[in-house]
Amino acid sequence: MQVGVISDTHDNLAAVERATATFERDGVDVIVHCGDFVAPPVIAEFDGFELHGVLGNNDGEVAGLHAAFDALGGESELHGRFAELRFDGLTFAALHGESLEEVQAVAGAELYDYVCYGHHHVREQTEKGRTTLLNPGAHFPTVPEGHRTVAIVDTETESVRFRSLAE
């Protein structure tokens with residue numbers, strides 16, 4: 001199974017369109033969004049995918065975000081501030097990650113195979129014991145091109161690859 005990981009889309013519809021096209025080309029089955037959608041209209045761009053999301057510090061229209069997730073149907077869900085997910089026997093934690101101390105603590109507990117977070121707008125893949133700490137990058141206008149990425153986790157090989165969404 002291919003799990004797409006994205007964060008900090010900040011209403012950037014063009015970046016979300018590039019992301020979903022990339023995910024489709026790479027055979028992604030499910031997407032984890034680590035927060036900062038910002039407004040509900042961006043959610044519709046994920047139609048056709050199973051989408052799991054958490055809330056970020058810029059996600060203020062929570063009722064509208066929940067309604068947009070409901071409109072996607074299927075297994076898609078907005079989980080609140082933290083999600084525990086399981087795909088193909090691998091465990092994923094997702095949070096926005098404003099506090100790096102919290103992110104490090106969740107990863108350091110080694111309860112999950114992957115801890116996915118955003119907020120800092122810098123892509124990262126770090127091993128912390130049995131846990132892979134993963135920030136997929138961001139799509140905020142001031143983010144350097146090298147960090148305008150998404151991540152794809154292959155659950156069979158337990159490998160991560162980054163895909164650039166830079167224009």
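Up top you'll find the structure we're talking about.
Quick caveat, the model's predicted, so the values are computed rather than measured. (Residues numbered from 1 in each chain as written. Predicted model: local features only at pLDDT ≥ 70, side-chain atom pairs only at ≥ 80, totals over all residues. Heavy atoms only, no water.)

Engineer: Provide a residue-level description of the overall build of the chain, including the pertinent values.
Structural biologist: Scanning the chain from terminus to terminus reveals three helices and eleven strands. Ordered by position in the sequence, the α and β elements of the chain form the string β-α-β-β-α-β-β-β-α-β-β-β-β-β. The C-alpha atoms of the chain give a radius of gyration of 14 Å, which matches the 15 Å a tight globule of 167 residues would have. With respect to the three principal axes, the spread of C-alpha positions in the chain is 40 × 30 × 30 Å. Buried residues in the chain amount to 53% of all 167 residues. For the chain, the accessible area works out to roughly 7,100 Å², and carbon and sulfur atoms hold 47% of it. (Helix = DSSP H or I, 4+ residues; strand = E, 2+ residues; numbered from the N terminus. Rg over C-alpha atoms; globule rule 2.2 N^0.38 Å. Buried < 20%, exposed > 50% of the residue type's maximum accessible area, 1.4 Å probe, protein only. Areas by Shrake-Rupley, 256 points an atom, 1.4 Å probe, with all protein chains shown as cover.)

Engineer: With reference to specific residues and values, describe unusual backbone geometry.
Structural biologist: Of note, the phi angle at aspartate 8 is positive, near 50°, even though the residue is not glycine. With respect to the helices and strands, the residue aspartate 8 is situated in the loop between strand 1 (2-6) and helix 1 (13-25). Taking the relative accessible area as the measure of exposure, aspartate 8 reaches 0% and is therefore buried. Notably, aspartate 88 is not glycine yet its phi reads approximately 50°, a positive angle. In this structure, aspartate 88 sits in the loop between strand 5 (82-87) and strand 6 (90-95). Residue classification places aspartate 88 among the exposed residues on the basis of a relative accessible area of 53%.

Engineer: Go over the sheet that holds strand 9 (residues 131-135), please, and point to the residues and values.
Structural biologist: Pairing within the open sheet is mixed, and its five strands lie in the order 5-6-7-9-8. The outermost strands of the open sheet, each flanked by one partner alone, are strand 5 and strand 8 (124-128). For this sheet, the mean angle separating the axes of adjacent strands, direction not counted, is 20°. Two elements, strand 6 and strand 7 (residues 114-116), share three bridges in a ladder whose sense is parallel. Its bridge partner being in strand 7, alanine 93 is matched across the sheet by valine 115. Across the sheet, helix 3 (residues 100-108) touches strand 5, strand 6, strand 7, strand 8 and strand 9, and the angle it forms with strand 9 is around 150°. (Pairing = 2+ DSSP bridges. Axes fitted to C-alpha atoms, helices over the stretch in contact; angles between N-to-C directions. Contact = heavy atoms within 4.5 Å.)

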